[in-house]
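# Reading the structure
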Amino acid sequence: MPDEVWGAAADHFDEKQLAAIVLMVAVTNLFNRINVTVRQPAGAAL
């Protein structure tokens, strides 16, 4: 992420909130990659 984008986000969120956003993006990315691997469309019932 460019420093300018991080700086703009930091103007609105504190460090704890920024960490939570980064973690949520990482977890979402993980689940998306797992869904692709097992060919499970997002939102599909198991």
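The following paragraphs examine the structure supplied in this document. (Residues numbered from 1 in each chain as written. Predicted model: local features only at pLDDT ≥ 70, side-chain atom pairs only at ≥ 80, totals over all residues. Heavy atoms only, no water.)

### Examining helix α2 (residues 15-37)
Cut-off, in case you're wondering: By the criteria applied, helices consist of DSSP H or I runs no shorter than four residues and strands consist of E runs no shorter than two, each listed in order from the N terminus. One less than the residue count of a helix, multiplied by 1.5 Å, gives the span that helix is expected to have. Residues adjacent in sequence count toward polar contacts only when both atoms are side-chain atoms; beyond that, a polar contact is any pair of N or O atoms within 3.5 Å, and within protein one must be able to donate a hydrogen and the other to accept it.
Taking 1.5 Å as the rise per residue, α2 with 23 residues should run 33 Å; its terminal C-alpha atoms sit 33 Å apart, in good agreement. The opening residue of α2 is Asp-14, an N-cap whose side-chain oxygen sits 3.1 Å from the backbone nitrogen of Lys-16. Among the residues trailing α2, Arg-39 stands out with phi positive, at a value near 55 degrees.

### Brief notes about a nonpolar patch on the surface
Worth spelling out the cut-off: Patch definition: residues above 30% relative accessible area lacking any salt bridge, with like charges linked at up to 9 Å and the nonpolar side chains Val, Leu, Ile, Met, Phe, Trp and Tyr linked at up to 5 Å. Computed with the Shrake-Rupley method and a 1.4 Å probe, the accessible areas treat only the protein chains shown as cover for residues. By definition here, a salt bridge exists when the distance from a side-chain nitrogen of Lys or Arg to a carboxyl oxygen of Asp or Glu is within 4 Å.
On the surface, Met-1, Val-5, Trp-6 and Val-22 cluster together into a nonpolar patch covering about 410 Å² of accessible area. Relative to the assigned elements, Val-22 resides in helix α2.

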